[in-house]
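Coordinate analysis (summary)
Single-letter residue listing:
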Amino acid sequence: MSWSPPAGLAAEALGYLKALIEFDTTNPPGNETAAARYLHDILEQEGLQPVLLEPSPGRGNVVARLEGEGRDRPLLLFSHLDVVAADASQWRSPPFQAHEADGFLYGRGTQDMKNMTAMSLAVLLALKRSGQRLNRDVIFAAVADEETGGEFGAAYLVKNHPELLRAEYALCEMGGFRLNIRGRDYVPVQVAEKGCAWCRAVFTGQPGHGSIPDSDSSIQRLARALRRLDRKGLPLQVTDPARDFIEMVAASQKLPVRVVLRALLNPLAGRLVSSRLDEEQARFFHAMLHSTAVPTMVKAGEKENVIPARAEVFFDGRVLPGQDWEAFSKDLARVLGPHASLELVRWMKPLTYPADTPLFDTIRRVVKQRLPEAEVVPYQLTAFTDAKHLDELGIITYGFSPQNNDPGEKLTRLIHGHNERIGVEAFGWGVEVLYETVASFCCAPQGAGAVDSLMGELLPAGEQQPEAEATAGEENGEQ
Ligand SMILES: [Zn+2]
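Since we're looking at a predicted model, the values are computed, not measured. (Residues numbered from 1 in each chain as written. Predicted model: local features only at pLDDT ≥ 70, side-chain atom pairs only at ≥ 80, totals over all residues. Heavy atoms only, no water.)

Glancing now at the overall build of the chain. Along its length, the chain carries 17 helices and 19 strands. In summary, the chain has a C-alpha radius of gyration of 24 Å against a globular reference of 23 Å for 479 residues, a match within 12%. In terms of overall dimensions, the chain has a C-alpha envelope of 85 × 50 × 45 Å along the principal axes. Here the contacts in the chain between residues at least 6 apart in sequence split such that 79% fall between residues at least 24 apart. For the chain, the accessible surface area stands at approximately 21,100 Å², while carbon and sulfur atoms represent 51% of it. The distance from the centre of the 49 positive side-chain charges to the centre of the 64 negative ones in the chain is 8 Å. (Helix = DSSP H or I, 4+ residues; strand = E, 2+ residues; numbered from the N terminus. Rg over C-alpha atoms; globule rule 2.2 N^0.38 Å. Contact = heavy atoms within 4.5 Å. Areas by Shrake-Rupley, 256 points an atom, 1.4 Å probe, with all protein chains shown as cover. Lys, Arg positive; Asp, Glu negative; His and termini not counted. Charge placed at Lys NZ, Arg CZ, Asp CG, Glu CD.)

This is how it looks when you write it as structure tokens:
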């Protein structure tokens, strides 16, 4: 069964991306409304009924729905319109002008994540124009304020307009690109992300005169605790998505890399073998397999000759799925030692979603058709995204904004970096893959949904076959 994208889809999406780059949506302050209005007007011209929501002046969000037959719950194509600041003096071309050179499109937001906004818009409109019957609604949402936490974007919508976003699945950022590990190609799809535990450790000690050393002062206690944390780190913890990722990568590697990767999962061998990886890879796998606490601010003392009674260090804590604040703070306190008293400043829970869903299967099938040599692997992000907010509505969010980048290119350096860019062909490929994914997932041939619901009625829970639809779709070969 093929769901060929319509001719001109990639060029159309590229046009949207170029236009979006030219809206300076640096957050703070954001000023996303002009970009949201641009999208709103296009959607409206095409006969949709978009909603523009502005929780605070300038902070525009736009949501539109392409209605299906309601046999399944909606699929949400979710992106954010804001970007991080760009220092124009460090760029080869102005960051808020779409500049094409050497096969690349340069501009702030080409990777994070106006590319997904442009692709989602093009896909939604193409589906609308095709007149294909959808077994579920497809929702398009482009929101404000992701880069500073989502208060005027995802969090606002989830809290105040949940009916606009409610969906079974969402596709968002941080996945769908090509990644090379030791000569093999992978396409990671984000299925999990770490939580945040921003916290403070307070140390106290006897105050005193700076002319007499005291190794039990608050600052000395803090210093020793940080050294212990640097040396020992937090304990190894293997989550399901991390295990799946490492097992699947290992399985396609040759010896001895295969053995080294598998050994990372072993608490006795992990530390030893990570020295066999290059530094960047070792850091990458370490963050995947450990909760972390990175000291980011230290405060103590007010005068050159007074030993302060109190010293505190602020940690950017990142917490693996499966841990709560209690478990994380216990681990951290154990490493910091008896003098640290921990206080939570901000908590965001970790997320993890199953990778054995019909949508994940569809993604794998579509990508494999185009890149037979690449492995599609579930992936756990160390940072956080708007998925945190969507999770409040029970939406299964995958990071999948596809692009056929050069797998050797380090996209992580481009995101939030200088000269952010996307390959024009890599982007065009992504639009087509997104179209095929959405179309084949949402346009099941007539009857397939009916078969599904019949199966649902006939079979007791637990025996239902989630793949019945995809199978029926392939066999029918219609549309
Ligand atoms: Zn982003």
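Here three strands make up an open sheet; going across it, the order is β4-β5-β19 and the pairing antiparallel. Each having just a single partner strand, β4 (99–101) and β19 (421–423) make up the two edges of the open sheet. Averaged over all adjacent pairs, the angle separating strand axes in this sheet is 25 degrees, with direction ignored. Note: β4 against strand β5 (residues 104–106), three bridges, orientation antiparallel. Across the sheet, His99 pairs through a bridge with Tyr106, a residue of β5. Its contacts with the sheet put helix α1 (residues 9–21) on β4, β5 and β19, and the angle it makes with β5 is roughly 25 degrees. Strands in contact with helix α15 (residues 424–442) are β4, β5 and β19; relative to β19, the strand with the most contacts, it is inclined by about 70 degrees. (Pairing = 2+ DSSP bridges. Axes fitted to C-alpha atoms, helices over the stretch in contact; angles between N-to-C directions.)

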